[in-house]
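One-letter residues, chain by chain:
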Amino acid sequence: MNTSAPEKIPFLRDPAKLAILYQILTLAGVGLLSYYLVNNTLSNLERQSISTGFSFLEREAAFEIGESLIQYSAADSYGRALVVGFLNTLIVSFIGIILTILLGTFLGIARLSSNWLLVKLSAIYIEFFQDIPVLLQLFFWYAFFYEILPSPREALNPISGLFLCNRGLAIGIPHWHQAFLYMIIAFVVSMIAVFFLRKWAAKRQAASGKIFPTFKVSLALLIGLPFFTWWLTGAPMEMNVPELSGFNFKGGINVSPEFAALLLGLVLYTAAFVAEVVRAGIQSVGKGQTEAAKSIGLKPGQVLNLVILPQALRVIVPPLTSQMLNLTKNSSLAVAIGFPDFVSVAGTTINQTGQAIEGVALIMIVYLVFSLSTSAVMNWYNKKVALVER
Amino acid sequence: MKPPVTEVGMIGWMKANLFNGWFNSILTLVVLYLLWLSVPPLINWALIDSYWFSTSDQCKAGNGACWSVITANIRFILFGFYPHDLQWRPLLAIVILITLLIYSQNRNHWKKYLFYTWLIGLFSMGLLLKGGLFGLEEVESNKWGGLPLTLLLSVFGLTAAYPVGVMLALGRQSKMPVIKSFSVVYIELIRGVPLISLLFMSSVVFPLFLPEGVSINNILRAQVAIILFTAAYIAEVVRGGLQGVGRGQYEAADSLGLNYFQTMRLVILPQALKIVIPPSVSILISAFKDTSLVVIIALYDLLKTTQTTLSDPKWMGFSAEAYIFVALIYFVCCFFMSNYSRRLERELDTSL
């Protein structure tokens, strides 16, 4: 009996060959489409006599920017203007993320509290703020500052040192003193000390089983050392309180209405989503875990620290990061209320220079860098906290 | 023996839910005090001292809420620059859409004919807006605005984005490196950038892509940007559904001799798409909210018509009232959708 050679598969029925065919077709399709688009674009640019490339970044920007962390004037280059916008995006996202996590965690815990009133109020908040477009909320807060708040002369003064008016928010801060520099140094030193303390405590516990009260000692170090430095350097108490001079406040920190409205809108909106994330995370840890931890004699603080939080955080952190990214991306809506963030400055640059492609590409690159670096950190974190399964 | 009065009824409920422990009691009192400080003035402002059908001068003289800014401009806010005596057409289109949505809520109606009903419905909505056929007067798309535009952008956006998203998700799961990498790059690229950068692209870069003399109107360009954006998010949701279908299903389909397309169409996708119905509704909600961003490229959606009304010197200064009205419209729509999605999640959850 002779075994015949394997039957030849017709070309169109061989998945391996078809796969190659499909891929070639896709490549050709995408290639042709991009060739067509690039070709059109180049001829359009030539006709409108727009030069390509990023050389426009060195030209004089000739527009003012309302708020800037670094020195900037209209005589500076477009490149520097974009850096100003980038820093503004960073600062608004950074402060926004911190406030959002605080408010969101509070709301998420309130949603699970045993107080009926608190549960209902936070549920209403979460539902309401999630369902209204963030842009509309920004417009509302912007109008709130400009239309509803009084003029600087009749500024609201809810607590001493804080003024609210249609020119924004003014907060009193301590006068700059050499002592604060020493306090920052002391804080950094105590952070390093805490880091080594934790390592040492973990090693000791592994070796001898003795538990060191790391948390209390760290807290004492982190608060005590800067405070002690402050006391040593003569305890400067003088405050720099905002005062009305002319049409606006001088002194202290002045926050523009645009910045305040943007921050308020972003924080109130994103906190509603963070609250849901926190709630889901806490609920994901079964009741049995708490009971088991208590039954082996852990104290309430230890139950939270050693059993509940590590498990809840594993559920909370990934969606929390994506909410933080959402906040960063939504900060681009600043352009609608006139806060000079990166998108807004880039938009002005596009209008003035006509370098639309480069401008939009810059916007995309900046946000992509944010997203990709965040997801890289996230992947690293996920690997670190993932359950070790056999 | 009856239980003590402090353990049942109103008092018992209050004791268990509001005053269990000293901490909760203090909390309840503080919250009640804050509510007492804030709610009565708010009701006073919004309902008692308010003006509903007055002129703007009467509003400016009083100190209550001025809802007249809505009632006096309601047609402009809802329909934008659509010709005044033709505004029954967008209104009818909205009614058709809402009827279809309510009808589709019931899962017993999810049959093949519903799909065709939707096709006919969407087509007739487009026809009502655009006109030009069956004796309807044609209305240029640059006159479209208000609520119909918002609904149009989100409903058409999701409808068109869904097939694209499913294809991208399949591409991402594919074993062919070229197709897989294109899909991954597309999805990650789009999800990494804000929608506003795509809208910018549609308004300033896209015209450069077209050959000389060809131009596409700006509503369509924004619509394309929204479709491209939503598709990436749908792709990720659908991918979750695809991963939720067990390996055995693929193997069983293979052993029956089905090819790739048959496997997907007949076995995998029906199961995967069922899993992802609730998250798809969430995407519809965010697409609906995101359409408000077209304000930035100067399309007259609901938010922009409201802003235009507020820039009229007569009605300047009543932003709070106008924005609260628009917020309520958005809230009602989103609230029903998210409730529906939660209900579906419960109904489709066949596990115990």
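Residues numbered from 1 in each chain as written. Chains lettered and ligands numbered in written order. Predicted model: local features only at pLDDT ≥ 70, side-chain atom pairs only at ≥ 80, totals over all residues.

### Digging into the overall build of chain B
Then comes step 1: A count of helical and extended segments in chain B gives 15 helices and zero strands.
Then comes step 2: The dimensions of chain B, computed from C-alpha atoms along their principal axes, are 75 × 70 × 40 Å.
Then comes step 3: Expressed as a percentage of its 352 residues, the buried residues of chain B come to 33%. (Helix = DSSP H or I, 4+ residues; strand = E, 2+ residues; numbered from the N terminus. Buried ≥ 20, exposed ≤ 12 C-beta atoms within 10 Å, placed from the backbone.)

### A few points about the packing of helix α3 (residues 116-130) of chain A against helix α7 (residues 257-284) of chain A
What describes two packed helices is the angle between their axes and the distance between those same axes.
Residues and elements named next belong to chain A.
Then comes step 1: Closest axis-to-axis distance for the α3/α7 pair is 8 Å, and the angle between their directions is 120°. Relative to α7, the element α3 lies oblique. The handedness of the crossing between α3 and α7 comes out as left-handed. When α3 is examined against α7, the residues Ser122, Tyr125, Ile126, Phe129 and Gln130 are found in contact with a partner set consisting of Leu268, Tyr269, Ala272, Phe273, Ala275 and Glu276.
Then comes step 2: Each residue belonging to the contact of α3 with α7 can be placed in one class, and the counts come to eight nonpolar, two polar and one charged. (Axes fitted to C-alpha atoms, helices over the stretch in contact; angles between N-to-C directions. Parallel < 35°, antiparallel > 145°, perpendicular 65-115°, else oblique. Left-handed = near helix turned anticlockwise from the far one by under 90°. Contact = placed C-beta atoms within 7 Å. Nonpolar A, V, L, I, M, F, W, Y, C, P; charged D, E, K, R; others polar.)

### A look at the environment of Glu154 of chain A
Then comes step 1: Structurally, the position occupied by Glu154 of chain A is in the loop between α4 (134-148) and β1 (162-165).
Then comes step 2: Considering only alpha carbons, one finds Glu154 of chain A and Asn166 of chain A, 12 residues apart in sequence, at a separation of 9.8 Å.

### Let's talk about the domain arrangement of chain A
Then comes step 1: Examined at the domain level, chain A breaks down into domain 1 (78-175 + 239-385) and domain 2 (176-237).
Then comes step 2: Averaged C-alpha coordinates put domain 1 of chain A and domain 2 of chain A at centres separated by 28 Å. (Domains from an automatic or database assignment.)

### Focus on the packing of helix α1 (residues 15-47) of chain A against helix α8 (residues 177-192) of chain B
Then comes step 1: Remark: α1 of chain A packs on α8 of chain B, axes separated minimally by 8 Å, with the N-to-C direction vectors making an angle of 45°. Classified by the interaxial angle, the pair formed by α1 of chain A and α8 of chain B is oblique. Two secondary-structure elements touch here, α1 of chain A through Tyr22, Gln23, Thr26, Leu27 and Val30 of chain A and α8 of chain B through Val178, Ile179 and Phe182 of chain B.
Then comes step 2: Among the residues forming the contact of α1 of chain A with α8 of chain B, the class breakdown is six nonpolar, two polar and no charged.

### What to know about the sheet that holds strand β2 (residues 168-171) of chain A
Residue and element names in this part refer to chain A.
Then comes step 1: Read from one edge of the open sheet, three strands run β1-β2-β7, paired in antiparallel fashion. Sheet topology places β1 and β7 (253-255) at the edges, where each strand pairs with a single neighbour. Looking at each pair of strands side by side, their axes are set apart by 15° on average, direction ignored.
Then comes step 2: As paired strands, β1 and β2 are joined by four bridges and run antiparallel to one another. Across the sheet, the residue bridging to Leu164 is Leu169, located in β2. (Pairing = 2+ DSSP bridges.)

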